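In case you want the letters, here they are:
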Amino acid sequence: MSRQLHLNLFLHDTGHHEASWRLPESDPHANLSLAAHQHLARVAEDAKFDSVFLADSPVLWSDPGRRPSGKLEPTLLLAALAAGTSRIGLIATASTSYNEPYNLARRFASLDHLSGGRAGWNIVTTAGADAARNFGLDDQPLHRTRYERADEFLEVATKLWDSWADDAVVADKESGIHARGDRVRTIDHRGAFFRVDGPLNLPRSPQAHPLLVQAGSSEDGKEFAAKWAEAVFTAQPTLAESQAFYADLKRRAAAAGRDPDHVVILPGIVPVIGDTEAEARELDAELERLIAPQYAVATLAHTLRVDPERLALDEPLPDDLPPEEEIEGAKSRRTLIVDWARRDNLTVRQLIGRLGGGRGHRTFTGTPVQVADTIQHYFSHGAADGFNIMPAVLPSGLHAFAERVVPILQERGLFRADYEGATLREHYGLPRPASTVHSVLEGAAR
C-alpha cells in the first residue's frame, strides 16, 4: 500500500479561532459539554480520523473574558468519549512537571484498557510561573530541568507499563490462580527526580504503552521528541519551515537509534472552508473583526515577556524584545511569533489577527479542493506525515472538512476509506512495544 496521511482532530471548544465563540451559531458553553465533545468525536470517527486530541494545562489559560477558558480534565473526558466511540484514538495532554510517574502511568493505562487500546499521551513540561504557583513553587523550574525531569519521568512510566508480562494474567478458575506472581516484577527505580518501587497495579494494557506524543519545538524539545515521541504535533506557518522541521526531527530520531518512520510528524493546520474562495474569505474576515484587541495584546505581551503598553496596535514589534535565551517558557512558540512578525513586517494588529486563527499554526482559507491540494503538497514534499486538523469554528468547520475535504483525499488514495486496525498504534502504523519482563525473567532463570 502506498504511504497514507494521518489525521488528528484537535478539539477546542467552539473552534481554534479565538473569536469563534462570538458567532451567532456557536454554543459558548461547549467547552463544558459532554454532548458537544461526543458529537465531534463521532463525526471524526465517521470520517476515519486516526485520533482526537485535547490540550490541557494546570493553570487558567489567558484572561477568562477573552474566550471560553474552562477546561475539563482530559483523561476523564476521554474516558467518557471512549464509551461513545469504538475506533478513533483518544489523546490527552498531561504534564511531567506537575504529576508523578506512578499516578500518570496508571491513568493512561486505565484509559488504554477502557478504550480497548486507543489511548495516547501528549507529553508536556508546562511553562509559566503561574502554573508553578498552583503547586507550591515560587517560580517554574528551568527549561532544561523540566526536560531532564520529563526524560526520567518517561523512563519510570515505561518501566511501570512493562512491570507485568503479557502472559501474567491467566484467570485460571480451576487452579484458583488469577495472575502469575512470577510474571510481575518491581521496577526499583532510583533517580535524580524519582524513587519508585512498582510494579504498576494494572496488567499490561492492549497497546502495552499508550501512544507517546510531544509538541515542543525548542532544542530540548526536539531532542526529547527524537528519543521518546511516536507522534509530534508542531506549529510551522510555512512549507519551508515545515520541511526543515520534518527533516531535522527525522534525522535526530535516526541518530537516537530509532526508525524515523516510527516518528509521525503532524503540523497543525487551521482550515477556513467555503464553497468559493470569496465565501471562505468572508468567514475569515468576520472572525477577524470579532477579535477583542485588548485581550489579544495582553496574551501576546505575556508570550513575548514585555509590558502590554509597549505593543502599539499599528506599529511593528519593538526592536528590543527579550532574546530567546532569556525566555524560560514556550521558547519555540515565542521565536516562531517574532520571526513571523519580522519576516512579514507585521504590525501588532496584523500579528494578533494572524495569531487569532491558529496561534502560529498554518492557517488556510479556501475551497475544499484548495485545502486538499495544500495538504497533499505538504505530504508529498517532505513536510508532513499528516496533519493536526484545527477547525477555526466548531462544529461547522469539522463538518465541512469531514464531508468535503476527506472524500477528496480518499479519492486521491491519500487517506483510508475505513479503519484497518483496532488500536491507535495500528492507525498510526506503529508497533506494539515488546515486553521487557520476559527477557529479564528468562535471563535470571539461565
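Nothing here was measured: the structure is a model prediction, and the numbers come from that model. (Residues numbered from 1 in each chain as written. Predicted model: local features only at pLDDT ≥ 70, side-chain atom pairs only at ≥ 80, totals over all residues. Heavy atoms only, no water.)

Peer 1: Can you lay out the pairing of strand β3 (residues 89–95) for me, pointing to particular residues and giving the numbers?
Peer 2: Of all seven residues making up β3, seven are buried, and the element is well covered by its neighbours. Neither face of β3 is exposed, since Gly-89, Ile-91, Thr-93 and Ser-95 on one face and Leu-90, Ala-92 and Ala-94 on the opposite face are all buried. Across four bridges, the pairing between strand β2 (residues 51–54) and β3 is parallel. Counted as the bridge partner of Val-52 is Leu-90 from β3. With helix α2 (residues 74–84) bridging β2 and the parallel β3, this β-α-β connection has right-handed handedness. Of the pairings in the sheet, the one linking β3 to strand β4 (residues 119–124) comprises six bridges and is parallel in character. Looking across to β4, one finds that Ala-92 is bridged to Trp-121. Handedness of the crossover is the feature at issue here: the chain leaves β3, passes through helix α3 (residues 101–115), returns alongside β4, and the resulting connection is right-handed. (Buried < 20%, exposed > 50% of the residue type's maximum accessible area, 1.4 Å probe, protein only. Helix = DSSP H or I, 4+ residues; strand = E, 2+ residues; numbered from the N terminus. Pairing = 2+ DSSP bridges. Right-handed = clockwise from strand over helix to strand, strands pointing away.)

Peer 1: Report on helix α1 (residues 34–46), specifying residues and quantitative values.
Peer 2: Side chains that are three or four residues apart share a direction in an α-helix, a result of its 3.6 residues per turn. Here α1 contains 13 residues, and its C-alpha end-to-end distance of 18 Å stays within 8% of the 18 Å for a straight helix at 1.5 Å per residue. Buried within α1 we find His-37, Gln-38, Leu-40, Ala-41, Val-43, Ala-44 and Glu-45. Its buried side turned inward, α1 meets β1 (6–11), β2, α2 and α13 (396–411). By the N-cap criterion, in which a side-chain oxygen at the helix start approaches the backbone nitrogen of a residue two or three places on, α1 is capped by Ser-33, the distance to Ala-35 being 3.4 Å. A positive phi of about 70 degrees marks Lys-48, the residue just after α1. (Expected span 1.5 Å × (residues − 1). Contact = heavy atoms within 4.5 Å. Polar contact = N/O pair within 3.5 Å; in protein donor to acceptor, adjacent residues only side chain to side chain.)

Peer 1: Outline the packing of aromatic side chains, supporting the account with residue identities and numerical values.
Peer 2: Throughout the structure, instances matching the rule amount to eleven aromatic pairs. Relative to Phe-194, the ring of Phe-153 has its centre 5.6 Å away and its plane inclined at 90 degrees; by these criteria the two rings are edge-to-face. Of the two residues, Phe-153 sits in helix α5 (residues 143–161) while Phe-194 sits in the loop between β7 (189–190) and β8 (195–196), which places them 41 residues apart along the sequence. We classify Phe-153 as buried; its relative accessible area is 0%. Arranged with centres 6.3 Å apart and planes meeting at 45 degrees, the rings of Phe-193 and Phe-194 form a pair that is tilted. For Phe-194, a relative accessible area of 3% corresponds to the buried category. Through successive ring pairs, a cluster of aromatic residues spans Phe-108, Trp-121, Phe-153, Trp-161, Phe-193 and Phe-194. (Phe/Tyr/Trp six-rings, centres within 6.5 Å; stacked < 30°, edge-to-face > 60°.)

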